[in-house]
Amino acid sequence: MEYVVEISDLSKDYETGFWKKKRVRALDGLSLNVRGGQIFGFLGGNGAGKTTTIKLLMSLIFPTEGSAKILGRDISDVQMHSRIGYCPENPYFYDYLTAIELMDHFGRLFGYDAAQRRLRTEELLMSVGLHEKDWKKQLRKYSKGMLQRVGLAQSLINEPEIIFMDEPMSGLDPVGRREIRELIAGLREKGVTIFMSTHILSDIEALCDEVAILRNGKLAASGNLSDLLENSGEERVLEVSVQGVTADTIREAVEFIAGATIFSKPNGANIQILDENDIDAVLKITREAGGHLTSIQPLKQSLEELFVKETSSDPKKLK
Amino acid sequence: MANESARLPSRILTISRNAFREAVRDRILYNLILFVLLITASAIFLGELSAGQESRVIVNLGLSVLLIFGTFISIFVGVSLVWKEIEKRTVYSIFSKPIGRGEFIVGKYIGLCLTLLVNVAIMGIGVSLALVYVGNASLAGKIWPAVLLIFFELTIVTAVAIMFSSFSTPALSALLTFFVFIIGNFSSSLRELAQGMNSTVARGVFEGVYYVLPNLSHFSFITETSNGMTPPASMVGGSILYAVVYDIILLTITVLVFTRRNFK
């Protein structure tokens, strides 16, 4: 599958100060490729360079070094924007317009006629869950969550092939988040690529196929999400769940197995082992104590653990 | 339906249309109410005080107020036109659409000029009606060349304001534009001053300022109009051409600055 976003050695310096200007590197040599038709999660702590990257891709700011292409065309090519969508973080729109007028305004920029604009506007405002009674209200009267929904709707006005979303769930309540999550998953089913930056790790876990993690403007990790969680450099841990015994009954026997640990749970125990050859020993101990096996599964590192590890301040952890 | 973008003129007009709508919704045209009240009061009272000179007073006062109100709109709306878009971050969603920064600047400029045109036209109609009211219908028609010149003077003031705001704060831009407006209206005096100077350097500086800053005295025909004169067509045509060329130069500078700007 071809790459729809190709970022090559992209860097951005900002100048600070009035007289003695200091250069601060916000993004440092980022190289990244994103395949089409997937949801790509772009993670990082505050100030890691996520928004800077998205602004560079949208040509809102210009790179100090490096280059990037979207859909095979250089990011400086404005006409390429007819094939992409962008939902900025905390969307800012003309607050003197109503949602309908805003959608109509953007629709005109894409050259749609009045009938097309009206149709797209109604379809999209409905799909993002904005109540019809609010469509004719000026945006200055909208809540943050409502603006977020309008932000998503306007990013879809041109039926884009790829959408860049900067914190798309921010400001939404749990129900709203679920609705937008379903909308994003639906877009992927239609073949749209989503490039999404977010802090909400549960959304990443639920939606993303691949992720990239930024730390201090540099790429800390990237790849398939499940691969990253499994191949994180940690020892592979298997968790054996048993029932019908208490942890205290079998603790002594289990702790004879090298590296094994046991945790109590209602009506049973969870035993973590490092070697799959030890499964038989655990089963034997359990059966002798009158219990039975309920499940065996590899214990994955959580995304939160991965995120904390890759974005922590220890530079030795940088890949 | 997907992957399209409007043609360039259509994109510019979309931006202009919205800039005009913004001005209307920001109640910029409310100044017309004040103007109508002023011109009605002058038609009723001032004419009586100046014994038969009512038409002159109405033209002088009406066109001067029209110029002053228009200049205020040009300066204060002009300096915030682009700045507000950056400050409120509305540029983020605009520039993710297939629209160039140059198109955006030209579109915003045309939108404000359209606002000024509506403002100036309604005020002109107000002055004409006041003249008809005091029984000088012939002068009511003669004011329009002067109104047209004022409009083109305002297009230059607007272009100056937008140019300064592309790299400066609104307050400083407003101040600088105001200076340009004042100096531009007295530019012929500036040249006379330069010619009377002994120092070559000082003469060079003053002559330089004379040539660089817009000569807004080309557009002043208020006093003559109040005396029943109409400007020759060549003067009106020449002044309009001057304004158009000057506007294009200023907008080109603005676009060059704006296309290099980072929106942090």
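Rules and cut-offs
- Residues numbered from 1 in each chain as written.
- Chains lettered and ligands numbered in written order.
- Predicted model: local features only at pLDDT ≥ 70, side-chain atom pairs only at ≥ 80, totals over all residues.
- Heavy atoms only, no water.
- Helix = DSSP H or I, 4+ residues; strand = E, 2+ residues; numbered from the N terminus.
- Buried < 20%, exposed > 50% of the residue type's maximum accessible area, 1.4 Å probe, protein only.
- Contact = heavy atoms within 4.5 Å.
- Buried area = accessible area lost by both parts, 1.4 Å probe.
- Salt bridge = Lys/Arg side-chain N within 4 Å of Asp/Glu carboxyl O.
- Polar contact = N/O pair within 3.5 Å; in protein donor to acceptor, adjacent residues only side chain to side chain.
- Nonpolar A, V, L, I, M, F, W, Y, C, P; charged D, E, K, R; others polar.
- Pairing = 2+ DSSP bridges.
- Axes fitted to C-alpha atoms, helices over the stretch in contact; angles between N-to-C directions.
- Left-handed = near helix turned anticlockwise from the far one by under 90°.
- Domains from an automatic or database assignment.
- Phe/Tyr/Trp six-rings, centres within 6.5 Å; stacked < 30°, edge-to-face > 60°.
- Expected span 1.5 Å × (residues − 1).
- Bend = angle between axes of the 7 residues up to and from the residue.

1. Examining the environment of N224 of chain A
Residues and elements named next belong to chain A. On the secondary structure map, N224 appears in strand β10 (residues 218-224). Judged by its relative accessible area of 30%, N224 is partly exposed. Dropping the residues within four chain positions of it, N224 is found in contact with D209 and E210.

2. Concerning the interface of chain A and chain B
Counting residues at the interface gives 39 residues for chain A and 37 residues for chain B. Between chain A and chain B, roughly 3600 Å² of surface is buried when both sides are summed, and carbon and sulfur atoms account for 55% of that area. Three residues stand out in chain A for area buried against chain B, namely Y92, Y96 and L109 of chain A, and they jointly supply 20% of the buried area on that side. Where chain A meets chain B, there are one salt bridge. We note a salt bridge from E101 of chain A to R25 of chain B, for which the minimum N-O separation is 2.8 Å. Scanning the region where chain A abuts chain B turns up 14 residue pairs in polar contact (both at pLDDT 80 or more). Residue composition of the side of chain A that touches chain B, grouped by class: 18 nonpolar, 10 polar and 11 charged.

3. Thoughts on the sheet that holds strand β6 (residues 84-87) of chain A
All names here are of chain A. Overall, mixed pairing links the six strands, which are arranged β6-β7-β8-β3-β9-β10 in an open sheet. Looking at strand neighbours, the two that pair on one side only are β6 and β10, the edges of this open sheet. Across this sheet, the average inter-strand angle for adjacent strands is 15°, counted without regard to direction. For β6 and strand β7 (residues 162-166), the ladder comprises four bridges, and the chain directions are parallel. The partner of G85 across the bridge, within β7, is I163. In the packing of helix α1 (residues 50-57) onto the sheet, contacts are made with β3 (39-44), β6, β7, β8 (193-197) and β9 (210-215), and the angle to β7 comes to roughly 145°. Across the sheet, helix α4 (residues 144-155) touches β6 and β7, and the angle it forms with β6 is around 170°.

4. Considering the packing of helix α3 (residues 54-87) of chain B against helix α8 (residues 170-185) of chain B
Residue and element names in this part refer to chain B. Across the interface, α3 lies against α8 with an axial gap of 9 Å and an inter-helix angle of 145°. Helix-helix and strand crossings are classified by hand; for α3 and α8 the assignment is right-handed. On α8, the residues that touch L67, T71, I75, F76, V79 and W83 of α3 are P170, S173, A174, T177, F178 and F181. Per-class residue counts for the contact of α3 with α8 are nine nonpolar, three polar and no charged.

5. Some details on the domain arrangement of chain A
According to the domain assignment, chain A consists of domain 1 (3-230) and domain 2 (237-299). Inter-centroid distance (C-alpha atoms) of domain 1 of chain A to domain 2 of chain A is 46 Å.

6. A word on the packing of aromatic side chains
Going through the model one piece at a time under the given rule, you end up with 18 aromatic pairs over all chains. Here Y242 of chain B and Y246 of chain B contribute two aromatic rings whose centre-to-centre distance is 5.8 Å and whose plane-to-plane angle is 35°, an arrangement assigned as tilted. A residue pair is termed a helical-turn pair when its members lie 3 or 4 positions apart in one helix, as Y242 of chain B and Y246 of chain B do in helix α12 (residues 233-258) at four residues. Taking the relative accessible area as the measure of exposure, Y246 of chain B reaches 14% and is therefore buried. With 5.6 Å between their ring centres and 55° between their planes, F258 of chain B and F263 of chain B make a pair best called tilted. In this structure, F258 of chain B and F263 of chain B share a single accessibility class: buried. Ring pairs connect the aromatic residues F40, F42, F164 and F195 of chain A, which therefore count as one cluster.

7. Points about α3 of chain B
Compared with an ideal rise of 1.5 Å per residue, which puts 34 residues at 50 Å, α3 of chain B spans 47 Å between its outermost C-alpha atoms and is within 8% of the ideal. At L81 of chain B, α3 of chain B shows its largest bend, some 40°.

8. Remarks on the packing of helix α7 (residues 144-165) of chain B against α8 of chain B
All names here are of chain B. Running from N to C, α7 and α8 point in directions that differ by 145°, and their axes come no closer than 9 Å. Classified by chirality, the crossing of α8 by α7 is right-handed. Contact with α7, carried on its side by E153, V157, V160, A161, F164 and S165, involves S173, L176, T177, V180, F181 and N185 of α8 and no other residues of that element. When its residues are assigned to classes, the contact of α7 with α8 shows seven nonpolar, four polar and one charged.

9. Things to note about the side chain of T98 of chain A
Within the secondary structure, T98 of chain A is located in the loop between β6 and α2 (99-109). According to the relative accessible area criterion, T98 of chain A is buried, its value standing at 10%.

10. So, unusual backbone geometry
Residue and element names in this part refer to chain A. One non-glycine residue with positive phi stands out, namely E167, at about 50°. One can find E167 in the loop between β7 and α5 (174-189). With a phi angle near 60°, N267 is a residue other than glycine that sits in the positive phi range. Its place among the elements puts N267 in the loop between β12 (261-265) and β13 (268-273). The exposed category is assigned to N267, whose relative accessible area is 59%.

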